[in-house]
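Here's the letter readout for the chains.
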Amino acid sequence: MKKFLCLKIALLISILPARLSAQEKTMIKFGKIEAADFQVSSPVVDSSTNAVILADIGNSKIDGNNKGFFSLIYTQTRRVKILNKKGMDAADVSIVLYSSPSGEEKLISCKAFTYNLENGEVKRTRLESQHIFREKVNKNFSVTKFTFPNVKEGSILEYTYIIESDFLSHLRPWEFQGTSWPRVYSQYSVQIPEYFSYIFLAQGYLNIENTSKHSIKNYSVTTASSGQATKFYSLSGYEVENTWVARDVPTLREEPYTSTMDNHISKIDFQLKQMKFPEGAPHDYMGSWEKAADELLKREDFGALFSRTYNWLNDDINRLVGNAASNTEKARNIYAFVRDNFTATYHAGIYVNDNTSLRDIFNKRSGHAGEINLLLITMLRQAGINAHPVLISTREHGWAHSEYPLMTKYNLAICNVELEGQQVYLDASEPRMGFGRLSPSCYNGPGFVIKAKPENVAFDSDSLQENKMTLLFLVNDEKKGTTGTFSTKPGYYESTILRNKLVKSSLEDLTKETVKRYSFPLNITHTQVDSLNKYDYPVELKYKMQFDFDDQDIVYLNPMFAEATTKNPFSSAERRYPVEMPFKIS
């Protein structure tokens, strides 16, 4: 259950010596397709392959712009072959673009062609610009979409596009591997001027070839404003170009007991660390944990919320804590109120959405998970209990980083409160969850406690253990036949699953479902579930059993009945990444 992450950390410093060999030339040229290109030979392509990426080439460079500064220019070229009808999904392309009040990423070029081999001749079909669509996802993201024309089994699809971005902190990551199709060739290169320093984070098990070289480059920057003459600036400095290449990359297939495939595919990610120009002071972007916490506590949509008094909450808080004898009882009452009366629109989120206040969330009785937990923290503080937000990354989102305060690695805000010398963590967005209990998806490594003196904590799945006890008593009676009583006390999280199931179905439905799990005729009666509404404790399921063996002289019974594991979840001949259990099991 340990996480064996193949993680490499390095600082892309402005001046580096050349190492390994010089960058090799790109193996394809866009728009040049010959009949021989339709013949694919690679060890990662077999009878189960529906489509294959023949080449995936990316480049990011930083260059001067006409706004008085620098821009990121990102180019991607991809060539794909459709092998059968199941691979037609490769004909649908989505390009994500980011925007904020300070600017937006722009798609400045996009070309796509479909190639078919007809009677030994390559026929080309162009994607027309009117078939490229842009769709707004939310205030920060839009998606440009298109579908290749004239796609058939055996088609080769090729597209290239360029994105111009003023967000230098958004140096695009690169995935050498995917979960849909294998890749024959994948290459990514980045060109970084000496004025910018980035951390790069690489993961995965693939053998990635890396070369680097440095050179002198001139950068031209222009500024133009209304009523003033255009000004031209020229800078000369070192530039480091790093190139990574992977060949014959197999698809990474999802196995049982996996948190998220994003933790294990081979990829490289970047984080802007510092910017420094000649004769200027360095500007740190990543900073320290203390600086990150300080900035978060000042945000109007996060930490600044806790510095205010909300008089409209007083009546509800007084009602909840009026008869409480201790802070623990007060916290329990407030937590239960928020948990039982608020609905999470989705189970993620850190900041309060724009044009939304805590009062809006309170009145609507809904919000994303982070908003609900920020409301919980606010109510606890107003009741005199010292509560703090904690940033975590759920299992579905991937691992957060334990060494650097990378805010993009977190996706959920939960609550921390100290009660009677114990640190208690709460997530009120999860229904029917006991006090001090978190969903297994929260146990995914590092957490960041946001306060004046911030702390890093660990949510380790090994700290959880599910204990299950099942008892079966059988009696062979000459008059009644074979009868029995069955009782099982599952672990806490299995109990939570049962509680949630019984919200949507009845005990009668549960009984019918239980009968189907047995391989012989059986009648179940007197089904009952104890502690169903006592969320701090596991439940206990009981029922009586009447067997119908048709007067058979000998009957063979599996003592575990429907409780045993019947199929080995680890059937793959080779597994390239660790087994990630949500908890220990007894």
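Before reading on, note that the structure itself is shown above.
A brief look at the structure comes next. Because the structure is predicted, anything quoted here is derived from the model rather than measured.

1. Details of helix 5 (residues 369-382)
Right, so step 1: The end-to-end C-alpha distance of helix 5 is 20 Å, a good match for the 20 Å that 14 residues give at a rise of 1.5 Å each.
Right, so step 2: In terms of burial, helix 5 is largely enclosed, as 12 of its 14 residues are buried.
Right, so step 3: Taken together, the buried positions of helix 5 are A369, G370, E371, I372, N373, L374, L375, L376, I377, T378, M379 and L380.
Right, so step 4: Remark: G384 follows helix 5 within two positions and exhibits a positive phi of approximately 90°.

2. Describing the side chain of N411
Right, so step 1: Tracing the backbone through its elements, the reader meets N411 in the loop between strand 20 (387-392) and strand 21 (412-419).
Right, so step 2: Note on N411: relative accessible area 13%, which makes it buried.
Right, so step 3: Polar side-chain contacts of N411 include one of 3.0 Å to the backbone nitrogen of T394.

3. Overview of the sheet that holds strand 14 (residues 209-223)
Right, so step 1: Read from one edge to the other, the open sheet built from 8 strands follows the order 7-6-10-3-2-12-15-14, with strand pairing classed as mixed. At either end of the open sheet lies a strand with only one pairing partner, and these are strand 7 (121-126) and strand 14. Taking each pair of neighbouring strands and ignoring which way they run, the sheet shows an average axis angle of 15°.

4. Points about the environment of S495
Right, so step 1: Tracing the backbone through its elements, the reader meets S495 in helix 6 (residues 492-504).
Right, so step 2: Looking at S495, the relative accessible area reads 0%, which means it is buried.
Right, so step 3: As for S495 and Y535, which are separated by 40 residues in sequence, their C-alpha atoms are 9.1 Å apart.
Right, so step 4: Here S495 is in contact with P490, P538 and V539, once residues within four sequence places are set aside.

5. Description of the side chain of E430
Right, so step 1: With respect to the element layout, E430 can be found in the loop between strand 22 (422-426) and strand 23 (445-449).
Right, so step 2: It is R432 that comes nearest to the buried, bridge-free E430 among opposite-charge side chains, at 8.0 Å.
Right, so step 3: Among residues more than four places away in sequence, those in contact with E430 are R339, H347 and S439.

The rules we used
Throughout this document, residue positions are counted from 1 along each chain, in the order its sequence is written. Under the rules for a predicted model, residues below a pLDDT of 70 receive no local features and side-chain atom pairs below 80 are neither given nor counted, while totals for whole chains, interfaces and linings still include all residues. In computing side-chain values, all of the structure's heavy atoms are included and hydrogens and water are not. Secondary structure elements follow DSSP: runs of H or I no shorter than four residues count as helices, runs of E no shorter than two count as strands, and numbering proceeds from the N terminus. How far a helix is expected to stretch is found by multiplying one less than its residue total by 1.5 Å. Exposure categories follow from relative accessible area, calculated using a 1.4 Å probe and restricted to protein chains: below 20% of the type maximum is buried, above 50% is exposed, and the middle band is partly exposed. Identification of polar contacts relies on pairs of N or O atoms within 3.5 Å, with a donor-acceptor requirement for protein atoms, meaning one able to donate a hydrogen and the other able to accept it, and with residues adjacent in sequence counted only if both atoms are side-chain atoms. Two strands form a pair only when DSSP identifies at least two bridges running between them. As a rule, the C-alpha atoms of each element are fitted with a line to give its axis, helices using only the stretch in contact, and angles between N-to-C directions run from 0 to 180 degrees. Residue contacts are counted whenever heavy atoms from the two residues lie within 4.5 Å of one another. Under the convention used here, Asp and Glu are negative, Lys and Arg are positive, and both His and the chain ends fall outside the count. Just to be clear on terms, a salt bridge is a Lys or Arg side-chain nitrogen sitting within 4 Å of an Asp or Glu carboxyl oxygen.

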